[in-house]
Amino acid sequence: MEKEIEVRLRREYIPDGVKGRPADFWLLYDSNINQDRFIGDPQIVRSLDSIFLENKERDKKMAEHLTMCGILSEKHRVRSYWLSSVKNALSAPVKLFFNPSGKCPNKCLTCFAQDRKKCHLDNNTARRAMKQITEMPIFWMNLGGCELSYYPLYFEFAEQGLKHGIHVTTAISGTGLTENWAKKAKDFGIKIKVSLDGPKEINDIQRPNTYEAAIRAIELFRDISYPVRINMVHTRLNNSEKVIDEMFEIVKKHGAAGIDLSLCRPKGGAIDNDLMISFGDYQNGKVKSVVDRLLNHPDVKEGGIKVWINKNQRTLDRLDAKPCQALNIHCNGGRYSMGINPDGIIDACIFLPPEYIPKANINTPELFTNPSFILDIWRRDKIFKKVRTYTKEKLCIRCQKKRIEFVRGCKACAAYYGDIDPLTLLH
């Protein structure tokens, strides 16, 4: 496999960004640090604009300029894009969730795709979709939808993404994992997360009979010197500081890289199995205390264990806007990210209520006749436009005081909890 991958660079204009900040910027994905960044310095923006419009060895000159400015640590291949802006959104998704198969042997209670477990894309359709994905100016691809160690096209798709400068991530339970699969994931540089929702007595309720497989997976990756994150879904069952402390002990004992805490969203099994955190636990501060324990645990400050809360923090930090206690005040659906599911449906966010799910489907001949079929849906679909109007609704008071626009809480959570996003209580 090729080791050299490109840096993706995209011209953006957002009229509703943070007040007082330049609305024009370049958005860059740096393969060296696996991070997307806003380049808002007016002088650099103008220089890149000028180089782009020259159209002579354009991307080579851009790479040299970014290196000279210290934005890139070393020379990389660059692929640059200039797309017309999309109202209330980025011109194209930054992250795409590609779920070509829903087949999975596990019976996790938090599963949001239970009705898709028998679905999978035809191989020709999946390959055509993957071709369009690599040609879109996305930066990140979450390759998932099932237990990927069973999906025969997994490494074919992962390699294609990586060769085109796309960061590839995957979450696994550890079920069916082999040493060869793990070593290949390491060789490719795929970022792996292992799903584990607590100690055995809690995890095996939420993810029946997967605790031992998850521990073996963490240890296997540790033993090949490729530590992985633990992906922990935050539910009412593990909403306690004691569980957080136990998770840190698991990290230290079995050699994980850290803990990635993700909010349990109101979809599928989370609702059917009564795993949603009660609104009362947001109001009384219990959720905030658990989050604070994670962020400020002694093993983070003194032991060097890493923790992650939500990818949206990165986006807001680049705009000098501080998120609500590093948690999600920012709805990415249809503005930053999109998904392609095993039944072919393209969505703005898998967790949104039904009226916000587009009718667009890649199981159509147009996928094979229109080379920008998927990107056109992002830019023109009526339901995507409907999702984006949510960004124009009233913000929470603290966000208004920070003069932040273009951000909102989670639409799915607000719908579930009665038009109130409980995450706004975590300021």
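Think of each chain on its own: its residues are numbered from 1, step by step along the sequence as written. Under the rules for a predicted model, residues below a pLDDT of 70 receive no local features and side-chain atom pairs below 80 are neither given nor counted, while totals for whole chains, interfaces and linings still include all residues. Hydrogen atoms and water are omitted, and side-chain values are computed over all heavy atoms in the structure.

Glancing now at unusual backbone geometry. Of note, N209 is a non-glycine position whose phi angle comes to about 60°, a positive value. Helix and strand definitions follow DSSP, with helices as H or I runs of at least four residues and strands as E runs of at least two, each counted in order from the N terminus. Considering the arrangement of structural elements, one finds N209 in the loop between α6 (200-206) and α7 (211-223). Its identity is not glycine, yet D274 carries a phi of approximately 55°, on the positive side. Residue position: D274 is located in the loop between α9 (269-272) and α10 (279-283). Summary of the burial criterion: residues with accessible area below 20% of their type's maximum are buried, those above 50% are exposed, and those between are partly exposed, where the area comes from a 1.4 Å probe applied to protein chains only. Under the relative-accessibility criterion, D274 is labelled partly exposed at 48%.

It is worth spelling out the packing of aromatic side chains at this point. Pairing of aromatic rings covers Phe, Tyr and Trp, the last counted by its six-membered ring, and requires centre-to-centre distances within 6.5 Å; plane angles under 30 degrees mean stacked, over 60 mean edge-to-face, and any other angle means tilted. Applying the stated criterion to the full structure yields 17 aromatic pairs. Their ring planes at 40° and their centres at 5.7 Å tell us that F279 and Y417 sit as a pair that is tilted. Highlighted residues: F279 in helix α10 and Y417 in the segment after α18 (411-416), separated in sequence by 138 residues. On the basis of relative accessible area, Y417 is assigned to the buried category, the value being 14%. An aromatic cluster of three or more residues is present, and its members are Y154, F155, W181 and F188. Here R229 stacks its cationic end above the ring of W308, 3.7 Å away from the centre of that ring. Two conditions define a charge located above a ring, namely a distance within 6 Å from the ring centre to NZ of Lys or CZ of Arg, and an angle within 35 degrees of the ring normal.

Of note, E6 is situated in the segment before β1 (7-13). For E6, a relative accessible area of 4% translates into the label buried. The term polar contact refers here to a pair of N or O atoms within 3.5 Å; inside protein, the definition further demands a hydrogen-donor-capable atom paired with an acceptor-capable atom, and it admits residues adjacent in sequence only when both atoms are side-chain atoms. A polar side-chain atom of E6 sits 3.5 Å from a polar atom in the side chain of R79. In contact with E6, other than residues within four places in its own chain, are S31, R77, R79, Y81, H164 and G165. Note on contacts: a residue pair qualifies if any of its non-hydrogen atoms lie within 4.5 Å across the two residues.

Here we take up the sheet that holds strand β11 (residues 306-308). Remark on secondary structure: sheet strands pair via backbone hydrogen bonds, oriented parallel or antiparallel. Taken in spatial order, the nine strands line up as β11-β10-β9-β8-β7-β6-β5-β12-β13 in an open sheet, and their pairing is mixed. The outermost strands of the open sheet, each flanked by one partner alone, are β11 and β13 (346-347). Note on method: axes are straight lines fitted to C-alpha atoms, helices fitted across the in-contact stretch only, with angles between N-to-C directions ranging 0 to 180 degrees. The strands that helix α3 (residues 123-135) touches are β5 (95-98), β6 (140-143) and β12 (337-340); relative to β5, the one it contacts most, it runs at about 170°. Taken strand by strand, helix α15 (residues 373-380) contacts β12 and β13, and its axis lies near 130° from that of β12. Following DSSP output, two strands are said to pair if at least two bridges run between them.

Below, the discussion takes up the environment of N34. When you line up the elements, N34 lands in the loop between β2 (24-30) and β3 (35-39). Counting along the chain gives 157 residues from N34 to K191, while the straight-line C-alpha distance between them is 9.7 Å. Residue contacts for N34: discarding those within four places in its chain leaves Y29, W140, H167 and K191.

Right, let's talk about helix α4 (residues 154-163) for a bit. Here α4 has its buried residues at Y154, F155, F157, A158, G161 and L162. One face of α4 carries all of its buried residues, which in axial projection span an arc of 160°. At its buried positions, α4 is contacted by β5, α3, β6, β7 (167-172), α5 (179-188) and β8 (191-195). Phi for G165, located one or two positions after α4, is positive at around 80°. The arc in question is formed by the directions pointing from the helix axis toward the C-beta atoms.

Parts of the model with low pLDDT should not have their predicted coordinates read in detail. The pLDDT value tells you how sure the predictor is about a given residue, anywhere from 0 up to 100. Scored by pLDDT, the chain comes out at a mean of 85, with 86% of its residues at no less than 70. Across residues 311-315, where pLDDT falls below 50, the model places 14 contacts with residues more than four positions away in sequence or in other chains.

The geometry of α15 relative to helix α16 (residues 382-389) is characterised by a closest axis approach of 6 Å and an angle of 45° between their N-to-C directions. In this view, α15 runs oblique relative to α16, as classed from their interaxial angle. Here α15 contributes I377, W378, R379 and R380 to the contact with α16, which in turn contributes K382, F384, K385 and R388. Considered class by class, the residues forming the contact of α15 with α16 number three nonpolar, no polar and five charged. Put simply, angles under 35 degrees are roughly parallel, angles over 145 are roughly antiparallel, angles from 65 to 115 are roughly perpendicular, and the rest are oblique. Residues are sorted three ways: Asp, Glu, Lys and Arg are charged, Ala, Val, Leu, Ile, Met, Phe, Trp, Tyr, Cys and Pro are nonpolar, and all the rest, Gly among them, are polar.

What follows concerns the environment of C331. Take C331: it is sitting in the loop between α13 (312-318) and β12. Looking at C331, the relative accessible area reads 9%, which means it is buried. As a C-alpha pair, C331 and C349 span 18 residues in sequence and 9.2 Å in three-dimensional space.

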